[in-house]
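Observations on the model geometry
Spelled out, the chains give:
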Amino acid sequence: MGRLKQKGKAGAAKAYMTRSAAVKKLQCSLADFRRLCILKGIFPREPRNRKKANKGSSAPTNFYYAKDIAYLAHEPVLRKLREHKAFAKKLSRALGRGEWSSAKSLEENKPVYRLDHIIKERYPTFVDAVRDIDDALCMIFLFASLPSDSKVSPTLIENCARLAAEWQLYVMHTHSLRKVFLSIKGVYYQAEVFDQTVTWLVPYQFTQTIPSDVDVRVMLTFLELYQTLLGFVFFKLYTDAGLVYPPPLDPQKDEGAAGVGAFNLQEAKPNQVPSAAAKSKVVEVDGKRISSKDVRQTIKSISASGSGDADVEMPSVDAEAANDEDEEFVEDTTEENPEDAPDAPAFTTATLPTLKTLSTLPQSTSSKLFAPYTFWLSRETSRPIFEFIVRSFGGRIGWPATSGSGSPFDESDESITHVIIDRPLVQRPNETEAEKERRRRRKYVQPQWVVDCVNAGKILLEDLYAQGKTLPPHLSPFGDHAEAYDPTAGLVGGEDEEMEEDEEVEGDEDVVEGSEEEGTARPAKSALKAAASAEDEAALRAAELAAEAAGIDYGTFEKEAKKAQKKASKAAPAQEDEAEKDMNKMMMSNKQRKLYERMKHGQKKRAEEVSVLGIAAFGVHLTTVSSSDKTWSRKSGRSRRRRNGGRSLHDCRLDVSFLLHHLVPRRRPRSPRATACIGHTLSYMLSEQTN
């Protein structure tokens, strides 16, 4: 008889554990359990069968892996949290009894935990830590802009501002910035550090408020982890760049609102060569001083003689002689024959990228984009944003005293080439000749020009971004996917398609007219049909000869051939995609197939909404006429018009076929009345649909 299985002792019931059971096992509060999970990176899991995992109960709850909870039971931070709980009880008892000396002693010996070991556990390599600092930077910049209150201390905000400035200083020093996007939420930056893409968000300098529905305690726990992580990462980055960390702060510049200019980047002094005494280890055995060099020489002699069992007497040397004569490591520069060398495994460290190789990677040519230029910030522009951008790309920048102290030059500097200004253009009647000459030498651009130059990787023309002009659309450099918004697509691609369609229609008309005039309709039609169905060059050449014999010129034949090839290329992938989709659906389970069908239904519904929005946008942008003008209609003499806000109800009831006929792209421009009628009809249709 087999062994009986007890309920809840195997399977999902043993592999998973509810949150209440985990808190009971760890003997901690729910807040401490949440803090532990955040610090250690443990999150709830979804079992395949919730009822089995919950031992037959269907009550809603969160599940964790039992191994993760057992892993938390040995965490040093948990022990410190228990000590802090006992400390809080002792402190409250001492304060209640009025034992002030005991309370002071307890406060001095308050238990404090460190998160260094957690950082080393979660990020085994430095590249892993760099890859995961996106959220840390966003959190740091967010708290650096928050006001202090009872929950967020001023010391915490000051520390976050210091870390944010240290990161900006490193990016500016290494010219690592690559992309910038000015959004409603804030400014998105993207940099490349050790061949890793780092993207973070910086809020605008407005007065921030903490919403009441946000649990600040959870955010502070994340912030505690991120501060420790960034401390490790910044120390390594600064050390590899040859800089002193932390960078010294100038208190006077900091009081004058110098921002990142209050920190001074100092190069680290080259490490002194370690002395020979530090490299050579000398031990004393039976009254004899033996150095590491003697040990290596003895090992060589043993391996050369082959007498591994014989005792060898170590020669006694003086410590000073051993220090002076200790051998140095010399790198072997000889090249081995790859044929004679044994096959190395694929995971050898020779093929892996190191920090040294990553730091010496070739940088983009646009990293010094603004090096030849000198910028001056107008007082209404945001100094922290554009100082960071311009200095990251090698440019010099200055600002007025109202934006803070620390400007390297003033407004009258002759080296200024660009002025970043964000105010309307006004006339200056009292301007002197010197000021006019200085204004002519400089180029006045709006702030978007700087960001668009960075994203384009080149210096753009300043005329489109001149002071007082309407700016071009500011596109996100992160929208590389197919569905990203591109306002130029409808202008360029749409016009090209319309031109192609018009040319195709004209080509068809020319073919028909030519066939009627020459009386060779059948040969011409057969030749064009052969050109459309041609699969290789020989068939295409034969169709071309037949068309030439039928009297069709080469230009018309070439247009028809291109048209046929385009239709074939559009139809073939569609058929292949449909067949592939059908095969994939056959391999799906019922659950996956239903999910796929729901996804396709949602995509179809969104596509219909987009098409409706496209028609609405087209109707909004059409030209309208005033209510005093006479409204145009197909049959103006047969029906009576009634005015309703400048719109004729009869014209709004035009049939859909007539509306679509006028929506087709035309080579000749429409009359204003026809355009107005189409706009009125679209507006009426949309209002009826909304009502």
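Please read these numbers as outputs of a predicted model, since none were measured by experiment.

On to the sheet that holds strand E11 (residues 443–445), then. Think of a sheet as strands paired side by side through backbone hydrogen bonds, with each pair either parallel or antiparallel. The four strands lie next to each other as E9-E8-E10-E11, forming an open sheet whose pairing is parallel. Only two strands of the sheet have a single partner each, and these edge strands are strand E9 (396–398) and E11. Strand-to-strand twist across the sheet, computed as the mean angle between neighbouring axes with direction ignored, equals 25 degrees. When strand E10 (residues 418–420) meets E11, the two strands line up parallel, connected through three bridges. Bridge pairing links His 418 to Lys 443 in E11. Most of the contacts of helix H18 (residues 383–392) go to E9, to which it runs at about 160 degrees, and overall it touches strand E8 (374–377) and E9.

Attention now moves to empty space enclosed by the protein. One water molecule sets the probe size; rolling that probe over the atoms shows where empty space is left. Scanning all chains against the criterion turns up two cavities of 30 Å³ or more. One number sums up the size of the largest cavity: a volume of about 40 Å³. Every residue along the wall of the largest cavity is listed here: Gln 27, Cys 28, Ser 29, Asp 32, Leu 78, Leu 81, Arg 82 and Lys 85. With four residues, helix H6 (residues 76–97) is the single largest residue contributor to the lining of the largest cavity. Classifying every residue of the lining of the largest cavity gives three nonpolar, two polar and three charged.

Here we take up the packing of helix H3 (residues 30–40) against helix H12 (residues 216–240). Where H3 contacts H12, the two axes come as close as 10 Å, and the packing angle between them is 35 degrees. Pair H3 / H12 crosses with right-handed handedness. Of the residues in H12, those touching H3 at Arg 34, Arg 35, Ile 38 and Leu 39 are Val 218, Thr 221, Phe 222 and Leu 225. When its residues are assigned to classes, the contact of H3 with H12 shows five nonpolar, one polar and two charged.

Moving on, we come to H18. Counting buried positions along H18 yields eight of 10 residues, so the element is predominantly enclosed. Phi turns positive, to about 80 degrees, at Gly 394, one or two residues after H18.

Should the charged atoms of two oppositely charged side chains come close, the side chains can pair. According to the stated counting rule, one finds 16 salt bridges in the structure shown. Between Asp 240 and Lys 236 there is a salt bridge; the shortest N-O distance is 3.5 Å. Of this pair, Asp 240 and Lys 236 are both found in helix H12, four residues apart, which corresponds to roughly one turn of the helix. Among the residues examined, Asp 240 registers a relative accessible area of 37% and is labelled partly exposed. Overall, Lys 236 belongs to the partly exposed group, its relative accessible area being 29%. The salt bridge partner of Arg 383 is Glu 387, with a shortest N-O separation of 3.1 Å. Of the two residues, Arg 383 and Glu 387 are both situated in helix H18; the distance of four residues between them amounts to about one turn of the helix.

Before going further, it helps to spend a moment on the confidence of the model for the protein chain. The share of residues in the protein chain with pLDDT of 70 or more is 65%, and the mean pLDDT across the chain is 74. Taken together, the stretch residues 490–498 has pLDDT below 50 and engages in four contacts with residues farther than four places along the chain or on a different chain.

The next thing to look at is a nonpolar patch on the surface. Taken together, the side chains of Met 583, Met 586 and Met 587 define a hydrophobic patch exposed on the protein surface, amounting to about 410 Å² of accessible area. Among the structural elements, Met 587 can be located in helix H24 (residues 554–587).

The subject of this paragraph is a negative patch on the surface. Among the surface-exposed residues, Asp 577, Glu 578, Glu 580 and Asp 582 lie close enough to one another that they form a single negatively charged patch. Inspection of the secondary structure puts Asp 577 in helix H24.

Before going further, it helps to examine the layout of surface pockets. Approximately 850 Å³ is the volume found for the largest pocket. At the level of elements, helix H10 (134–144), helix H11 (154–174) and H18 are the ones that each hand at least two residues to the lining of the largest pocket. With seven residues, the top contributor of residues to the lining of the largest pocket is H11. Looking at the lining of the largest pocket residue by residue, the classes come out as 19 nonpolar, six polar and five charged. Computed from the structure, the second largest pocket encloses a volume of approximately 620 Å³.

Thresholds applied
- Residues numbered from 1 in each chain as written.
- Predicted model: local features only at pLDDT ≥ 70, side-chain atom pairs only at ≥ 80, totals over all residues.
- Heavy atoms only, no water.
- Pairing = 2+ DSSP bridges.
- Helix = DSSP H or I, 4+ residues; strand = E, 2+ residues; numbered from the N terminus.
- Axes fitted to C-alpha atoms, helices over the stretch in contact; angles between N-to-C directions.
- Contact = heavy atoms within 4.5 Å.
- 1 Å grid on protein atoms, 1.4 Å probe; cavity = no way out; pocket = protein on both sides within 12 Å on 5 of 7 lines; lining within 4 Å.
- Points joined across faces, edges and corners; volume = space filled by probe spheres on them.
- Nonpolar A, V, L, I, M, F, W, Y, C, P; charged D, E, K, R; others polar.
- Left-handed = near helix turned anticlockwise from the far one by under 90°.
- Buried < 20%, exposed > 50% of the residue type's maximum accessible area, 1.4 Å probe, protein only.
- Salt bridge = Lys/Arg side-chain N within 4 Å of Asp/Glu carboxyl O.
- pLDDT = per-residue confidence, 0-100.
- Patch = residues over 30% accessible without salt bridge, like charges linked within 9 Å, V, L, I, M, F, W, Y side chains within 5 Å.
- Areas by Shrake-Rupley, 256 points an atom, 1.4 Å probe, with all protein chains shown as cover.
- Lys, Arg positive; Asp, Glu negative; His and termini not counted.
- Charge placed at Lys NZ, Arg CZ, Asp CG, Glu CD.

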